[in-house]
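Residue strings, one per chain:
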Amino acid sequence: MTRRRQVYEGKAKVLFEGPEPGTLVQYFKDDATAFNNKKKGTITGKGVLNNRISEYLMTRLGEVGIPTHFVRRLNMREQLIKEVEIIPLEVVVRNVAAGSLATRLGVAEGTMLPRSIVEFYYKNDELGDPLVSEEHITCFGWANPQEIDELMHLALRINDFLSGLFLGIGIRLVDFKLEFGRWWQNDEMRIILADEISPDSARLWDLKTNEKMDKDRFRRDLGNVAEAYQEVARRLGILPEG
Ligand code: C5P
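Cut-offs used in this document
Residues numbered from 1 in each chain as written. Predicted model: local features only at pLDDT ≥ 70, side-chain atom pairs only at ≥ 80, totals over all residues. Heavy atoms only, no water. Helix = DSSP H or I, 4+ residues; strand = E, 2+ residues; numbered from the N terminus. Polar contact = N/O pair within 3.5 Å; in protein donor to acceptor, adjacent residues only side chain to side chain. Contact = heavy atoms within 4.5 Å. Phe/Tyr/Trp six-rings, centres within 6.5 Å; stacked < 30°, edge-to-face > 60°. Buried < 20%, exposed > 50% of the residue type's maximum accessible area, 1.4 Å probe, protein only. Lys NZ or Arg CZ within 6 Å of the ring centre and 35° of its normal. Axes fitted to C-alpha atoms, helices over the stretch in contact; angles between N-to-C directions. Parallel < 35°, antiparallel > 145°, perpendicular 65-115°, else oblique. Left-handed = near helix turned anticlockwise from the far one by under 90°. Pairing = 2+ DSSP bridges. Salt bridge = Lys/Arg side-chain N within 4 Å of Asp/Glu carboxyl O.

Draft legend 1. A look at the side chain of D175. Inspection of the secondary structure puts D175 in strand β12 (residues 171–185). Looking at D175, its side chain comes within polar contact range of the side chain of R94, at 3.5 Å. The contacts of D175, once residues within four sequence positions are left out, are V93, R94, A98, A202 and R203.

Draft legend 2. Structural detail: the packing of aromatic side chains. Under the defined criterion, the tally for this structure stands at two aromatic pairs. Measuring from centroid to centroid gives 3.9 Å for Y122 and W142, while their planes differ by 15 degrees, and the two rings are stacked. Here W142 lies in the loop between α3 (134–139) and α4 (145–167) and Y122 lies in strand β10 (residues 112–122), a separation of 20 residues in the sequence. Residue Y122 is classed as buried on the basis of its relative accessible area of 18%. Assessed through its relative accessible area of 14%, W142 is described here as buried. Members of the aromatic cluster, joined through ring pairs, are Y122, F140 and W142. Above the face of the F218 ring, K39 is positioned so that its terminal group lies 5.1 Å from the ring centre.

Draft legend 3. Looking closely at the packing of helix α1 (residues 46–63) against α4. Put simply, α1 and α4 touch, their axes get as near as 11 Å, and they point 120 degrees apart. The pairing of α1 with α4 is recorded here as oblique in orientation. Here α1 runs over α4; the crossing is right-handed. In this structure, α1 uses Y56, L57, R60 and L61 to contact α4, whose residues at the interface are I158, F161, L162, L165 and F166.

Draft legend 4. Examining the sheet that holds strand β6 (residues 70–73) more closely. Taken in spatial order, the five strands of this open sheet run β1-β2-β3-β7-β6, and their pairing is antiparallel. Edge positions in the open sheet fall to β1 (6–9) and β6, since each of these has one partner strand only. Here the average twist between neighbouring strands, direction ignored, is 25 degrees. This element, α1, spans β3 (23–28), β6 and β7 (78–82) of the sheet and lies at about 130 degrees to β6.

Draft legend 5. Region of interest: the pattern of salt bridges. Enumeration over the complete set of coordinates arrives at 31 salt bridges. R73 is the partner of E55 in a salt bridge, and the nearest nitrogen-oxygen pair spans 2.8 Å. With E55 in helix α1 and R73 in strand β6, the pair connects residues that are 18 residues apart, well separated along the chain. Relative accessible area serves as the criterion here: at 16%, E55 is assigned to the buried category. Using a relative accessible area of 21% as the deciding quantity, one classes R73 as partly exposed. For E211, the salt bridge goes to R217, with nearest N and O atoms at 3.7 Å. Under the relative-accessibility criterion, E211 is labelled partly exposed at 46%. With a relative accessible area of 9%, R217 lands in the buried category.

Here it is in structure tokens:
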């Protein structure tokens, strides 16, 4: 395999220069981190599974008209993506109270929310990705009001579609994190879905047993992490090759 120039290394992924201008290669690692890098580990086979799961979900979303950065999967751990200017926000959608929402507001984990909530976090490792309001976002120029509306609209459409998709395979979509980027085509800017959607970035609970099938198994030392990711892939009907 030809060695590509690395343009970015994150906690779970590496980005390399793509074969054509305006493209990148996204490589999925087995590394896992939690609590803003305080906990580190490896989940054998996670990268392969997340590459397939994210490919599958982004493809399905593309089919229903959500613009995404996904172009095609290249191999077990790599996918070709469009190069975007990442908007420095983590957009979190919640359907059930869990994680930081449960802790911050003292709501019992598992409480169904009467309506879905969209939250914005400022993407900044040093600051621990703080929760921010629309006021902060516009004040510091991370996105303009029109872009914020578009992010909310896309996040809720993605939530509707993915909630239904997971329900169909006996999984509750508790919450998930999205990242978006600005993408230019013929001088026109579009906001498109970027990064990944996988059990690393979503909370997925078995509908019947409430068993956790996501990164909380790693965060909370529940064991069988890779097996849980594998089960998500199996239910989606996509198992990794080889
Ligand atoms: O920790 P918290 O409850 O705020 O996380 C909400 C959702 O966003 C979870 O599904 C979590 O996996 C995801 N998330 C993420 N990356 C972060 C923070 C949260 O994927 N840096």
